[in-house]
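The primary structure of each chain is shown beneath.
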There are 2 protein chains.
Amino acid sequence: MGIIHHFAGQNGSWDWEGVAVEDYTHKLPGVTTRRFISRQDGSYNLELRYFELAPGASSNLEQHVHEHAVLILRGQGQVLLGDEWHPIKFGDAIFIPTDEIHQFRAAEDDTLGFLCAVLGRHLRTVAHDLAQTVTTG
Amino acid sequence: MGIIHHFAGQNGSWDWEGVAVEDYTHKLPGVTTRRFISRQDGSYNLELRYFELAPGASSNLEQHVHEHAVLILRGQGQVLLGDEWHPIKFGDAIFIPTDEIHQFRAAEDDTLGFLCAVLGRHLRTVAHDLAQTVTTG
């Protein structure tokens, strides 16, 4: 059965019904995540997550096989793609391919909120195998 | 290499740099799509698309194996999940599981814009096989 997580944001604070806040502040100061859609909703294909970075905060510096598809939902900041930082703001769509080094950073005076789509966990290794096949086959 | 499609909307019209408008008006009056991220950007894992429905317009009535993960980005309307219509508006997150009948409809007096994440085309059959394995294994 389909699931709707209604938006319940107010006064600049964004939240959703039935979606827990995951606080990464212990290792990533100023970073929170909400997983709208993932295994807990019965999804095998995808995860859809909302990341929020407080002014000046940064996401984890990452590099991995699975891709990211990102849409900036609020505020502004920068994204690192490879070795270059790029300015980003509301509405920008970002594709992060396999093995691309990436990191997000909020502006010093603005919250950065973005949506990040990624394969479901059990599909990530399959995606790798398929990408290899497509590349070399 | 990563790709950024910068948002280029103005005066209530939403567009993105380097993203073509796909007009379905010939079969679905009032419906347009933009594919931010798909095979044309080098993505093997995912497609991320923006659908816009003019006031009163409806998306295709669909039922298929691959899942959808949707976030409403503007306006309001209704979504059909199975045999029931539900009100939706900005910020609502919707999960459409395998084989769920679904359709989107804009309110009579408002444009409905939403983001839809889906597996890349070559992964959709794999996802089905894996879902079957998980369900029956």
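Because the structure is predicted, anything quoted here is derived from the model rather than measured.

Side note on the pairing of strand β9 (residues 102–106) of chain A
Residues and elements named next belong to chain A.
- Residue alternation in β9 divides its side chains into a buried set, H102, F104 and A106, and an unburied set, Q103 and R105.
- The pairing of strand β6 (residues 76–81) with β9 spans 5 bridges and is classified as antiparallel. Looking across to β9, one finds that V79 is bridged to F104.

Some remarks on the sheet that holds β9 of chain A
Residue and element names in this part refer to chain A.
- Strand order in this open sheet of 3 strands is β7-β6-β9, and the pairing throughout is antiparallel. Edge positions in the open sheet fall to β7 (84–89) and β9, since each of these has one partner strand only. Mean inter-strand twist for the sheet, computed between neighbouring axes without regard to direction, equals 25 degrees.
- Both β6 and β7 contribute to a ladder of 6 bridges, which runs antiparallel. When the sheet's bridge partners are listed, G77 is paired in β7 with I88.

Considerations on the relation of the copies chain A and chain B
- When chain A is brought onto chain B, the operation consists of a screw motion whose angular component is 180 degrees and whose axial shift is 0.0 Å, with 0.0 Å RMSD remaining. One copy is carried onto the other by what is essentially a two-fold rotation axis. Residues of chain A ranked by C-alpha distance from the rotation axis are headed by A117 of chain A, positioned 3.4 Å from it.
- The overlap is high: 100% of the interface residues of chain A also sit at the interface in chain B, so the same surface is used on both sides.

Some details on the nonpolar core
- In this structure, L48, F114, L115 and A117 of chain A together with L48, L115 and A117 of chain B are the most contacted members of the largest nonpolar core, which totals 69 residues.
- Among residues more than four places away in sequence, those in contact with F114 of chain A are F51, V70, L71, I72, L73 and F104 of chain A.

Brief notes about the interface of chain A and chain B
- Taken together, the contact pairs 46 residues of chain A with 46 residues of chain B.
- Elements supplying a minimum of two residues to the side of chain A that touches chain B: β1 (3–5), β3 (31–37), β4 (46–53), β5 (68–74), β7, β8 (93–96), β10 (112–119) and α1 (124–136) of chain A.
- The element that contributes the greatest number of residues to the side of chain A that touches chain B is α1 of chain A, accounting for 5 residues.
- Along the lines of polarity and charge, the residues of the side of chain A that touches chain B split into 29 nonpolar, 13 polar and 4 charged.
- Relative to strand β8 (residues 93–96) of chain B, β1 of chain A runs antiparallel, the two being bridged by 3 bridges.

Some remarks on the pairing of strand β3 (residues 31–37) of chain B
Residues and elements named next belong to chain B.
- Of all the 7 residues making up β3, 5 are buried; the element is thus mostly covered by neighbouring parts of the structure.
- Two elements, strand β2 (residues 21–23) and β3, share 3 bridges in a ladder whose sense is antiparallel. Its bridge partner lying in β3, E22 is registered against T33.
- By the bridge criterion, 6 bridges tie β3 to strand β4 (residues 46–53) in an arrangement that is antiparallel. Across the sheet, R34 pairs through a bridge with Y50, a residue of β4.

Notes on the sheet that holds β4 of chain B
- In spatial order, the strands read β1(A)-β8(B)-β5(B)-β10(B)-β4(B)-β3(B)-β2(B); together these 7 strands make up an open sheet with antiparallel pairing. Looking at which strands have only one partner, the edges of the open sheet turn out to be β1 of chain A together with β2 of chain B. Across the sheet, the axes of successive neighbouring strands diverge by a mean angle of 25 degrees, strand direction being ignored.
- In this structure, strand β5 (residues 68–74) of chain B lies alongside strand β10 (residues 112–119) of chain B, joined through 5 bridges in antiparallel fashion. Paired with A69 of chain B across the strands is A117 of chain B, a residue of β10 of chain B.

Description of the environment of F51 of chain B
All names here are of chain B.
- Mapped onto the fold, F51 is located in strand β4.
- C-beta crowding within 10 Å serves as the criterion here: with 21 such atoms nearby, F51 is assigned to the buried category.
- On a C-alpha basis, the gap between F51 and T25 in space is 12 Å, while along the polypeptide they are 26 residues apart.
- With residues up to four places along the chain from it excluded, the contact list for F51 reads V31, T33, S59, F114 and C116.

Details of the environment of L119 of chain A
All names here are of chain A.
- Secondary-structure assignment places L119 in strand β10.
- For L119, a count of 26 C-beta atoms within 10 Å puts it in the buried group.
- As a C-alpha pair, L119 and S38 span 81 residues in sequence and 9.4 Å in three-dimensional space.

Rules used throughout
Residues numbered from 1 in each chain as written. Chains lettered and ligands numbered in written order. Predicted model: local features only at pLDDT ≥ 70, side-chain atom pairs only at ≥ 80, totals over all residues. Buried ≥ 20, exposed ≤ 12 C-beta atoms within 10 Å, placed from the backbone. Helix = DSSP H or I, 4+ residues; strand = E, 2+ residues; numbered from the N terminus. Pairing = 2+ DSSP bridges. Axes fitted to C-alpha atoms, helices over the stretch in contact; angles between N-to-C directions. Least-squares fit on C-alpha atoms with pLDDT ≥ 70 in both. Contact = placed C-beta atoms within 7 Å. Core = buried A, V, L, I, M, F, W, Y, C linked by C-beta atoms within 7 Å. Nonpolar A, V, L, I, M, F, W, Y, C, P; charged D, E, K, R; others polar.

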